[in-house]
Amino acid sequence: MAREKLKPTPGPTGTAYLLDEQVGFVMRVAMQRHTSIFTARMIEGLTQTQFAALAKLFEVGGCSQNHLGRLIYLDAATIKGVVDRLGARGFVTALNDPKDRRRRAVALTERGREVTEAAMKVAAEITTATLAPLSAEEQRLVTRLLKKLT
C-alpha cells in the first residue's frame, strides 16, 4: 500500500508528529499484514496463539500450563482458554497434577503432534511470505532487531 507524503504540521512542541513514522504504528501495520497472511494460510483454523502453544509444546515437551503461558508470553487466563480449546480439539491433554491440584500438566497428543508438524511447515511458508519484500540480509536484520525489543 503506497503512502502519500504530506507536509507535516508542527505539534504543540513545534516538532512534527507523523503517525506513519512512529514505530508502534508501523509495527502494528506490519503485524496486521502478517496476521492476514497467517489466517489465510494456516491449517486446521489454528490461531496464532494456538499455533504458538502447539509449537512450544513440540519444542519443549510437556510442561505446566502456567509455564507454557510464560514461554509464549500469555497471562494465566489467556493460556487456560488456549489450552482448553486445543484440548477440546484433541490436540493436547491437560491433566491436573496429583501433587498440586492448582497445576495442570499440558502435553501434545499424537494427533496434536501430527497437526503441529504439518502446521510448522505452513508457518515456515508464512514467514517467507511475510518477509518477502525484504532481501535476505534485511530479513535477518529485522528479525535480530525485533528480538532486541522483546
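Further up the page is the structure itself.
The paragraphs below set out a description of the structure included in this document.

**Some words on the side chain of K56**
- Relative to the helices and strands, K56 resides in helix α2 (residues 48-60).
- According to the relative accessible area criterion, K56 is buried, its value standing at 18%.
- For K56, the residues in contact, after removing those within four places along its chain, are G61, L68, L71 and I72.

**Some points on the sheet that holds strand β1 (residues 63-64)**
- The sheet built from three strands is open, its strands ordered β1-β3-β2 with antiparallel pairing. Every interior strand has two partners, whereas the edge strands, β1 and β2 (92-97), have only one.
- Here β2 runs beside strand β3 (residues 100-108); their pairing, made up of six bridges, is antiparallel. Within the sheet, the bridge partner assigned to D97 lies in β3 and is D100.
- The strands touched by α2 within the sheet are β1, β2 and β3, with β3 carrying the most contacts at an inclination of about 90°.

**Structural notes on a nonpolar patch on the surface**
- Residues V23, M27, L146 and L149 make up a contiguous nonpolar surface patch of about 390 Å² in total accessible area.
- Only α1 (23-41) and α6 (136-149) provide two or more residues apiece to the nonpolar patch.
- If you trace the backbone, L146 turns up in helix α6.
- For L146, a relative accessible area of 40% translates into the label partly exposed.

**As for the nonpolar core**
- Counting 27 residues, the largest nonpolar core has M42, L46, L68, L86 and V92 as its most contacted members.
- Those elements that place two or more of their residues in this core are α1, α2, α4 (76-88), β3 and α5 (110-131).
- Sorting elements by how many residues they give to this core places α5 first, with six residues.
- In contact with L46, other than residues within four places in its own chain, are F38, L54, L86, R89, F91, V115 and A119.

Scoring rules and cut-offs
- Residues numbered from 1 in each chain as written.
- Predicted model: local features only at pLDDT ≥ 70, side-chain atom pairs only at ≥ 80, totals over all residues.
- Heavy atoms only, no water.
- Helix = DSSP H or I, 4+ residues; strand = E, 2+ residues; numbered from the N terminus.
- Buried < 20%, exposed > 50% of the residue type's maximum accessible area, 1.4 Å probe, protein only.
- Contact = heavy atoms within 4.5 Å.
- Pairing = 2+ DSSP bridges.
- Axes fitted to C-alpha atoms, helices over the stretch in contact; angles between N-to-C directions.
- Patch = residues over 30% accessible without salt bridge, like charges linked within 9 Å, V, L, I, M, F, W, Y side chains within 5 Å.
- Areas by Shrake-Rupley, 256 points an atom, 1.4 Å probe, with all protein chains shown as cover.
- Salt bridge = Lys/Arg side-chain N within 4 Å of Asp/Glu carboxyl O.
- Core = buried A, V, L, I, M, F, W, Y, C linked by side-chain atoms within 4.5 Å.

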